[in-house]
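# Structure at a glance
What follows is each chain in one-letter form.
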Amino acid sequence: MKINGKPFRSIWYDADQAVVRIIDQRWLPHELRITTLKTLEEFETAIVEMWVRGAPLIGATAAYGIAEQMARDPGDGSLEQAWERLHSTRPTAINLRWALDRCRAALLPLSPQDRAQAAFQLAHELCDEDVEINRSIGLHGLKLIREIAAKKPGEPVRLLTHCNAGWIATVDFGTATSPMYHAADAGVPIHVWVDETRPRNQGALTSWELGSHGISHAYITDNAGGHLMQRGQVDMVIVGTDRTTAEGDVCNKIGTYLKALAARDNGVPFYVALPSPTIDWTVRDGLTEIPIEERSPREVTHIQGQTADGISEVQVTPDGTEGGNPAFDVTPARLVTGLITERGICAASEQGLAGLFPDLASKAAG
């Protein structure tokens, strides 16, 4: 995607300087800062403190973290330690483990002297694959938007999304936003309701993205979605996912479940944009088997924003008030209209997923 006309990815390898660079998302949407990651500790911090966020981007960042560590110490012990340390950074997003497992499986059979080059090549490939996956999700999602547009000529298709499943949560294109970008580029009129997504207000990142692309949108409170659905002002909900079970339960940013309930009550289709690396084929019951990350209460009791003096943080609660901060919730498959994947759209069910991904389902079963 582009920022002020210049193409960007959320993470990239600067071959001229031989370093990994990221968009440091702590300062968005108010300031664009580029940060260089060099050491394993810096990659850990970037993931934990959400300099990077979004399941696909976390996986890509971890792959580059492995590569940088192999450039410093390519031994077996170093590889295992890097796997363990990076794996512990975020417990919910399955792409992290998927990327780390893929790196370890590819690198362990190699001689230590060959590991650094192979690790960097693998990280590059993983990023390119993510871009193509998300591009394909967008094309399949575009079909759904076109179907709605055909029923209301001359009016925009009104979409609601939650959190930021945009291009800066992936390597490029995004998951939930990819159909939006494809629709806008194809000339299909759309309007996007953007949930603020407390406590970190990641909807502001979605607004920043959509505004940069010239897409009509409005930033709303999390609790406004049901109201808009009741009044017929939402044609479809599209969200992303951090982990989806083999039976179609969807774990996503906290508040997603409530949107699914409101959508079901009002007959609004609720779709999940699902890249295949986000499917956890080892988990069946999302409510009991997916670990839910508990983040710092400070993210709830304080809020960051732009002031006349720059970017500042303020406290919004009384002194001494405790904060609770579960970062994700699980939407049962029964509330999901369909899953938009890189291979097509399917039901949120074991049969639906296995039908599109028989190779992955059989591998997991075997």
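About the criteria used
Residues numbered from 1 in each chain as written. Predicted model: local features only at pLDDT ≥ 70, side-chain atom pairs only at ≥ 80, totals over all residues. Heavy atoms only, no water. Core = buried A, V, L, I, M, F, W, Y, C linked by side-chain atoms within 4.5 Å. Buried < 20%, exposed > 50% of the residue type's maximum accessible area, 1.4 Å probe, protein only. Contact = heavy atoms within 4.5 Å. Salt bridge = Lys/Arg side-chain N within 4 Å of Asp/Glu carboxyl O. Helix = DSSP H or I, 4+ residues; strand = E, 2+ residues; numbered from the N terminus. Pairing = 2+ DSSP bridges.

Residues I11, I66, W167 and I190 are the most contacted members of the largest nonpolar core, which totals 73 residues. With sequence-adjacent residues up to four places away left out, I66 is seen in contact with L79, A82, W83, L86, L100, C103 and L107. I220, L228, I279 and A333 belong to the second largest nonpolar core, which has 30 residues in total.

Moving on: the pattern of salt bridges. In the structure shown here, the tally under the stated rule is 25 salt bridges. Among the salt bridges present, the one from D76 reaches R115, with a minimum N-O distance of 2.7 Å. With a gap of 39 residues between them, D76 in helix α3 (residues 76-87) and R115 in helix α5 (residues 112-151) connect regions that are remote in the sequence. A salt bridge links R104 to E80; the shortest N-O distance between them is 3.1 Å. Taken together, the residues span a long stretch of sequence, with R104 in helix α4 (residues 94-107) and E80 in helix α3 at a distance of 24 residues. A relative accessible area of 30% places E80 in the partly exposed class.

What follows covers the pairing of strand β11 (residues 250-253). Note: strand β10 (residues 243-245) against β11, two bridges, orientation antiparallel. Counterpart to R243 in the pairing with β11 is C251. Taken together, β10 and the strand that follows it, β11, pair antiparallel across an intervening segment of four residues, in which G248 is found at a positive phi of about 95°. Across four bridges, β11 lies against strand β16 (residues 328-331) in antiparallel orientation.

Moving on, we come to unusual backbone geometry. Note the cis peptide between L28 and P29, where omega equals 10°. Tracing the backbone through its elements, the reader meets P29 in the loop between β4 (19-23) and β5 (34-37). Residue R198 is joined to P199 through a cis peptide bond whose omega torsion reads 15°. Residue placement: P199 occurs in the loop between β7 (190-195) and α7 (203-213). The phi dihedral of C163 falls on the positive side, at around 65°, and the residue is not glycine. Inspection of the secondary structure puts C163 in the loop between β6 (157-161) and α6 (178-185). Exposure remark for C163: the relative accessible area of 8% places this residue in the buried category.

These results come straight from atomic positions and should not be treated as a statement about function.
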